[in-house]
Amino acid sequence: MEVLIMISQLLLGLSILVILHEAGHFFAARMFGIKVEKFYLFFDAWNISLLKFKKGDTEYGIGWLPLGGYVKIAGMIDESLDKDQLDTPIEPHEFRSKPAWQRLIVMVGGVIVNALLGIIIFSGVLFYFGEKYIPMTSLKHGIVASQLAHEVGINTGDKIIAINDRPAERFNDIYSSDLLLTQNSTVTLSRNDSVFKITLPSDFASTFIDAEKTSFLLPRTTFSVAEVIKGNPGYEAGLRSGDSIVGINEIPIRYYDEAQLALKSFAGKQINLTVMRENAPVVLKPVISEDGTLGFYPKAEEFNFRFTEFSLLSAIPAGYNMAYKTLSDNVKGFGKMFSGDIPVSKSLGGPIAIAKKMYGGIWDWYRFWVTTALLSIVLAFMNLLPIPALDGGHVVFLIIEMITGKPVGEKTLMVAQYFGMILLLSLMVFVFGNDIWQHLIK
């Protein structure tokens, strides 16, 4: 069921993005009287389509290959690589007959729509759902540090004060791009009444990607037993809902992470488990499972969550800021990738990675729309890259034409298009192969 949900969310999200991106090209072309021959969601490779119909001069359809979509604009050298039309006299309704500035608007139409869509979705999410977060000030017991955190100098119980000298106001700030994508990022900590700063190693972003991202740092919390699972060691030994674990053998227990570590250290062994029950200590003697668990769900202390509501007017600038930050993070991420700080294999993800890591196996509308907005900004950025066959490649040639006053030769454009298509197909093969490999090794 989870796989079906992931696939459904991926197809729905990509369909929204592709249709609106291509609609940006479509309506810009029609605005200038340019004929659009085809408008397709997904590719109808070898002219095989799942659905198609014709309205006016345009054939609309759904292809069978879910790798994007396209509009085929008359008189334009595009991914169809249709050379026949270039051997005929130029018609007034063709792309090549229009002034360079009009063709430029047509080419950036999809990018503009994706950028606006990202802002609109982010704004809508903030307006409808608001924003919920954990203030750093509510983490009175500090954080739980993973092995990676210990390696860079962060200990369990530390309190995060600042990231790159900016006050850390929210717990999620520790997963921000400011920490991951800034060279030689710093973290200011409070430990045992002393305040000091650590500098993260230059390869931290690459190491972080390999680690379990969500458990790099966790809020430290006291706890009690919420539910005991039948058939497990805790249930058999008499552990009850509402018990508070205060000791494991001679080890005093106050926090959930302490209980986890102690139980793992006695895996497969019998222990003296001291719990407080109705304000009185009770000693149980369970045999810990081989994986170091008792079999219960914890009830963590309540954090003082804060919730921010947005009016429509306040949601729009906040949505714009989210979109701008997403774009900025992508630029920084590409910089890290090209500088070699983050390996390409860890930076680029295909459909499998998007479905698993971004959309997930639970249908959550908040997560769906945030992910779709993020992908819309990414799609806008990617399409502006100056690669032949992408919108950005066409834009480069049009800017050259506007500067020199002469169009780039059709043979040059065709060669560039071939090169761009080969490059993109190679990239797609790499991304799919990397997706499959990462899925298999995990």
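Quantities reported herein were computed from a predicted structural model and do not represent experimental measurements. Along every chain, residues carry numbers that run from 1 in the direction the sequence is written. This being a predicted model, a pLDDT of at least 70 is required before a residue's local features are given, and a value of 80 or more before pairs of side-chain atoms are given or counted; all residues contribute to the totals for chains, interfaces and linings. Water and hydrogen atoms play no part in the side-chain values, which are based on all heavy atoms of the structure.

1. Observations regarding the packing of aromatic side chains
The following threshold applies: For Phe, Tyr and Trp, rings pair up if their centres lie within 6.5 Å, where Trp contributes its six-membered ring, and each pair is then called stacked (planes under 30 degrees apart), edge-to-face (over 60) or tilted (otherwise). Buried means the residue's accessible area, taken with a 1.4 Å probe over protein chains only, is under 20% of the maximum for its type, while exposed means over 50%, and partly exposed covers the values in between. For the purposes of this entry, the term helix denotes a DSSP run of H or I that reaches at least four residues, the term strand denotes a run of E that reaches at least two, and both are numbered from the N terminus. Note on criteria: charge over ring means Lys NZ or Arg CZ within 6 Å of the ring centre, with the direction from the centre no more than 35 degrees off the ring normal.
Using the criterion set out here, one finds 19 aromatic pairs in the structure. Aromatic pair phenylalanine 26 and phenylalanine 27: ring centres 5.1 Å apart, planes at 85°, arrangement edge-to-face. On the basis of relative accessibility, which here comes to 7%, the residue phenylalanine 26 falls in the buried class. Taking the relative accessible area as the measure of exposure, phenylalanine 27 reaches 56% and is therefore exposed. With centroids separated by 5.8 Å and ring planes inclined at 10°, the aromatic side chains of tyrosine 40 and tyrosine 70 adopt a geometry described as stacked. Here tyrosine 40 is found in strand β1 (residues 36-43), whereas its partner tyrosine 70 is found in strand β4 (residues 65-73), with 30 residues between them in sequence. Exposure remark for tyrosine 40: the relative accessible area of 1% places this residue in the buried category. Since its relative accessible area comes to 7%, tyrosine 70 is described here as buried. Within the aromatic cluster, the residues linked to one another by ring pairs are Phe26, Phe27, Phe39, Phe53 and Tyr60. Taking NZ or CZ as reference, lysine 132 lies 4.6 Å from the ring centre of phenylalanine 305, over its face.

2. Quick notes on the environment of glycine 118
As a reminder, the rule being used: Only heavy atoms matter for contacts: two residues are in contact if any of them lie within 4.5 Å across the pair.
Take glycine 118: it is sitting in helix α2 (residues 100-129). Glycine 118 sits 202 residues away from tyrosine 320 along the chain, and the two C-alpha atoms are 8.3 Å apart. Here glycine 118 is in contact with Ala373, Ser376 and Ile377, once residues within four sequence places are set aside.

3. A few points about the packing of helix α1 (residues 2-31) against helix α11 (residues 365-383)
Applied cut-off: For helices, the fitted axis covers only the stretch in contact; all axes are lines through C-alpha atoms, and the angles between them, taken along N-to-C directions, range from 0 to 180 degrees. An angle below 35 degrees is read as roughly parallel, one above 145 as roughly antiparallel, one from 65 to 115 as roughly perpendicular, and any other as oblique. Take the far helix as your reference; a near helix turned counterclockwise from it by less than a right angle gives a left-handed crossing, and one turned clockwise gives a right-handed crossing. Residue type decides the class: Asp, Glu, Lys and Arg count as charged, Ala, Val, Leu, Ile, Met, Phe, Trp, Tyr, Cys and Pro as nonpolar, and the leftover types, Gly among them, as polar.
Packing of α1 against α11 leaves a shortest axis separation of 10 Å and a crossing angle of 45°. Relative to α11, α1 is oriented oblique. As for the relative orientation of α1 and α11, their crossing is right-handed in sense. Residues Gln9, Leu12, Gly13, Ile16, Leu17 and His21 of α1 form the contact with α11, whose participating residues are Trp365, Phe368, Trp369, Thr372, Leu375, Ser376, Leu379 and Asn383. Considered class by class, the residues forming the contact of α1 with α11 number eight nonpolar, six polar and no charged.

4. Description of the nonpolar core
Rules: Buried Ala, Val, Leu, Ile, Met, Phe, Trp, Tyr and Cys residues form a nonpolar core when they are joined through side-chain atoms within 4.5 Å.
In terms of nonpolar packing, the biggest core is built from 26 residues, with Ile154, Ile160, Phe204, Phe216 and Leu217 touching the most fellow members. Broken down by element, this core gets its largest block of residues, three residues, from helix α3 (residues 147-152). Apart from residues no more than four positions distant in its own chain, isoleucine 154 is found in contact with Ile143, Ala145, Ala149, Leu189, Arg191, Ile198, Phe216 and Leu217. Counting residues in hydrophobic clusters, the runner-up holds 18 residues, among them Val225, Ile245, Leu263 and Ile288.

5. Points about a nonpolar patch on the surface
Selection rule: Each patch is built from residues that are more than 30% exposed by relative accessible area and take part in no salt bridge. Like charges join if they lie within 9 Å; nonpolar side chains (Val, Leu, Ile, Met, Phe, Trp, Tyr) join within 5 Å. The Shrake-Rupley method, run with a 1.4 Å probe sphere, supplies the accessible areas, and residue values consider only the shown protein chains as cover. Put simply, a salt bridge is a Lys or Arg side-chain nitrogen that is within 4 Å of an Asp or Glu carboxyl oxygen.
Residues Leu12, Phe127, Tyr128, Phe129, Leu312, Ile316, Trp363, Trp365 and Tyr366 make up a contiguous nonpolar surface patch of about 920 Å² in total accessible area. When residues of the nonpolar patch are traced back to their parent elements, those giving at least two are α2, α8 (312-339) and α11. Considering each element in turn, the nonpolar patch owes the most residues, three residues, to α2.

6. Notes on the side chain of histidine 141
What counts here: As used in this structure description, the phrase polar contact means that two N or O atoms lie within 3.5 Å; if the pair is within protein, one of them must be able to donate a hydrogen and the other to accept it, and residues adjacent in sequence are counted only when both atoms belong to side chains.
Turning to its location among the elements, histidine 141 is positioned in the loop between β5 (131-133) and β6 (143-145). A polar contact is formed between the side chain of histidine 141 and the side chain of tyrosine 255, at a distance of 3.4 Å. For histidine 141, the residues in contact, after removing those within four places along its chain, are Gly157, Arg220, Thr221, Thr222, Arg254, Tyr255 and Glu301.

The analysis is restricted to geometry; functional conclusions fall outside its scope.
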